[in-house]
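# Coordinates in review
Listed below are the residues making up each chain.
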Amino acid sequence: MSAQNLNTYLDVAPEVAEALAQNRPVVALESTIISHGMPYPQNVETALSVERIVREHGAVPATVAVIGGRLRAGLTPDEIDYLGRKGREVIKVSRRDLPVVVARGLDGATTVASTMIIAALAGIEVFATGGVGGVHRGAETTMDISADLEELAMTPVAVVCAGAKSILDLGLTLEYLETKGVPVLGYGTDELPAFYTRRSGFGVDYRVDTPAELAAIVKAQRELGFPGGMLIANPIPEEYSMDKERIDAVIAQALAECAEQGIHGKETTPFLLARIAEITGNDSLDSNIQLVFNNVALGAEIAKELCALRA
Ligand code: PSU
Ligand code: MN
């Protein structure tokens, strides 16, 4: 086991620890998407399918969460089921929540930010999910900017996502990432994908067409000694993408309801995700699930290439 695994609050699943010690590919996966991002039982089904897809692509999945105050990299299917059933009763844990949840011995569903922290402690370099947090629309007055962006600037994990939902201000999110020195790479695209749709109108920093080159960029970032990670944006497969006008109207409605109801802080993103799924009668959920599958497959390919470069 590598020295990074010696954190006394961290438990790395034996299969994950063994793979890391042997330079075999591992992909970290988050748990806020399970407890707060999707309804039960689709959340559990998706999380278990995601682990299977990672394995089919030759990598070991490490779903990350906090269980009983322990930082965990690699969960059992029963633990995934537990987090999914408890849903929004599980505390949504970002960086600022970790010390409290650990000290109190509580359970927590990890966001992109806290999943990156735990992945990095465990020595996992690649993490795949659906969407990341960002600069919210109206952030010029609310100052609602996800801690995910700060984490991308300071924690060395490459995050594969399907771009960002237009619940966020995509232009400001890209500006923020630029300021923080976080590369935004488009896999096979020049444009930042907008989660449910393949295009957003905003350019990525670089288009990269192969997992091998993505892995080379991750390796270079590590060897340059940079502290942060990167965002790898993978467009939703065409056949699952949604009609832009329709999804934009739904997002506008969800944002209006969010403002009317005075929802703020950490509740904002889960509220918007749930409302979008309700209003679209779960069409958006189907797209969401498919784009996650697509992202974890790419994450596994990048992790494999990275191991090959390190062999
Ligand atoms: N965006 C999505 N789906 C998600 C999330 C964001 O499209 O599931 C989750 C992720 O866990 C992300 C978190 O890290 O929400 C961001 O929350 P906040 O905006 O409160 O930082
Ligand atoms: Mn926020």
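I will try to describe carefully the structure that is included in this document. (Residues numbered from 1 in each chain as written. Chains lettered and ligands numbered in written order. Predicted model: local features only at pLDDT ≥ 70, side-chain atom pairs only at ≥ 80, totals over all residues. Heavy atoms only, no water.)

### Regarding the nonpolar core
I124 and I232 are the most contacted members of the largest nonpolar core, which totals 102 residues. For this core, the leading source of residues is helix α13 (residues 283-310), giving 12 residues. Aside from chain neighbours lying at most four places away, what touches I232 is A158, V159, V160, C161, L185, L214, L298 and I302. (Core = buried A, V, L, I, M, F, W, Y, C linked by side-chain atoms within 4.5 Å. Buried < 20%, exposed > 50% of the residue type's maximum accessible area, 1.4 Å probe, protein only. Helix = DSSP H or I, 4+ residues; strand = E, 2+ residues; numbered from the N terminus. Contact = heavy atoms within 4.5 Å.)

### Concerning the environment of G69
With respect to the helices and strands, G69 occurs in the loop between β3 (60-67) and β4 (70-73). The class for G69 is buried, based on a relative accessible area of 4%. Spatially, the C-alpha atoms of G69 and L98 are 8.7 Å apart, while their sequence positions differ by 29 residues. G69 has contacts with V101, V102, G105 and L106, leaving out every residue within four places of it along the chain.

### Considerations on the site of ligand 1
The full set close to ligand 1 counts 14 residues, and E30, K92, S146, D148 and K165 are the nearest of them. Here an oxygen atom of ligand 1 sits 2.7 Å away from a polar atom, N or O, in the side chain of K92. At a separation of 2.7 Å, an oxygen atom of ligand 1 approaches a polar side-chain atom of T269. Coverage of ligand 1 by the protein amounts to 93% of the 470 Å² it exposes when considered alone. Counting residues per element, the ones that place at least two in the shell around ligand 1 are α2 (32-35) and α12 (268-279). (Near = heavy atom within 4 Å. Polar contact = N/O pair within 3.5 Å; in protein donor to acceptor, adjacent residues only side chain to side chain. Areas by Shrake-Rupley, 256 points an atom, 1.4 Å probe, with all protein chains shown as cover.)

### A few points about α12
Spanning 12 residues, α12 covers 16 Å between terminal C-alpha atoms, matching the ideal 16 Å at 1.5 Å per step. Listed in full, the buried residues belonging to α12 are T268, P270, F271, L272, L273, R275, I276 and A277. Here the buried face of α12 lies against β5 (91-93), α11 (244-260) and α13. Just downstream of α12 lies G281, where phi reads positive at about 60°. (Expected span 1.5 Å × (residues − 1).)

### What about the packing of aromatic side chains?
Per the stated rule, a full pass over the model turns up one aromatic pair. The residue whose ring lies beneath K165 is F195, and the NZ or CZ to ring-centre distance is 3.4 Å. (Phe/Tyr/Trp six-rings, centres within 6.5 Å; stacked < 30°, edge-to-face > 60°. Lys NZ or Arg CZ within 6 Å of the ring centre and 35° of its normal.)

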